[in-house]
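Notes for the structure review
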Amino acid sequence: MQPNIDVLSLEDMKLAVVDALEDIKAFDITVMDVRHMTAVTSYMIVASGNSTRQCKAIADNVREKLKEKGVDTRGVEGEKEGEWVLVDLGDIVVHVMVPTTRAYYNIEQLWSESQSRRAASAA
């Protein structure tokens, strides 16, 4: 018999991630619903930190706060350098970047262009 474990809804998980980002003063937080574009994840959340040190702290706080709520982290990338730290929570992938890295890669635009192309090809 398994213990009764409360599983966070996707919406509660998304809100918990945003709260964890805001706890460590992340800024320019963008939440993208990518459920219709990929089967890999449901949401991508992108946020900025002022320095590599802050980006590492933000990513660590996301992991800790979600762990407290019973959400396991599937993986973390970029933590050593801290310019772009990716936290994979399964249904949500969190990208924490310094502003110059975020501007260079501009992943929000890449995903919005992908959505625009899908809509055009479906028409």
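Quick notes on the rules
Starting afresh in each chain, residues are numbered from 1 along the sequence in its written order. Per-residue local features are limited, in this predicted model, to residues with pLDDT of at least 70; the limit for side-chain atom pairs, both in listing and counting, is 80 or more; totals at the level of whole chains, interfaces and linings are taken over all residues. The side-chain numbers reported here are obtained from all heavy atoms of the structure, hydrogens and water having been left aside. Note on conventions: DSSP H or I runs of at least 4 residues are helices, E runs of at least 2 residues are strands, and numbering of each starts at the N terminus. Burial here depends on accessible area, computed with a 1.4 Å probe over protein chains only, as a share of the maximum for the residue type. Under 20% is buried, over 50% is exposed, and the range in between is partly exposed. Any two residues having at least one pair of non-hydrogen atoms within 4.5 Å are treated as being in contact. Should a side-chain nitrogen of Lys or Arg be within 4 Å of a carboxyl oxygen of Asp or Glu, the pair is scored as a salt bridge. Note on pairing: DSSP must find at least two bridges between two strands before they are called paired. Comment: axis = line fitted to C-alpha atoms, over the contacting stretch for helices; angle = value between 0 and 180 degrees taken between N-to-C directions. The nonpolar core is taken to be a set of buried Ala, Val, Leu, Ile, Met, Phe, Trp, Tyr and Cys residues, with the residues joined through side-chain atoms within 4.5 Å.

Some details on the overall build of the chain
Along its length, the chain carries four helices and five strands. When the helices and strands of the chain are listed from N to C terminus, the series reads α-β-β-α-β-β-β-α-α. Classification of the 123 residues of the chain by burial places 38% in the buried group. Considering only residue pairs separated by 6 or more positions, the chain has 56% of its internal contacts joining residues 24 or more positions apart.

Let's talk about the pattern of salt bridges
Scanning all chains against the criterion turns up five salt bridges. Two residues, R35 and D33, come together in a salt bridge whose shortest N-O distance is 2.5 Å. Taking relative accessible area as the criterion, D33 reaches 32% and is therefore assigned partly exposed.

Concerning the sheet that holds strand β1 (residues 27-33)
Pairing is mixed across the open sheet formed by five strands, whose spatial order is β1-β2-β5-β4-β3. Single-partner strands in this sheet number two, and they are β1 and β3 (75-77). Across this sheet, the average inter-strand angle for adjacent strands is 10°, counted without regard to direction. Summarising the sheet, β1 and strand β2 (residues 43-48) pair through five bridges and their orientation is antiparallel.

Re the side chain of K14
Its location among the elements puts K14 in helix α1 (residues 10-23). Taking relative accessible area as the criterion, K14 reaches 14% and is therefore assigned buried. Filtering out sequence-adjacent residues up to four positions away, K14 remains in contact with V31, Y43, I45 and I92.

Describing the nonpolar core
If you look at the biggest cluster of nonpolar residues, it comprises 23 residues, and the most contacted ones within it are V17, L21, V62, L66, L89 and V94. For this core, the leading source of residues is α1, giving six residues. Among all residues touching V17, those that are not within four sequence positions of it are I45, V62, L66, L89, I92 and V94. In terms of nonpolar packing, the next biggest core, distinct from the first, is built from eight residues, M37, M44, M97 and I107 among them.

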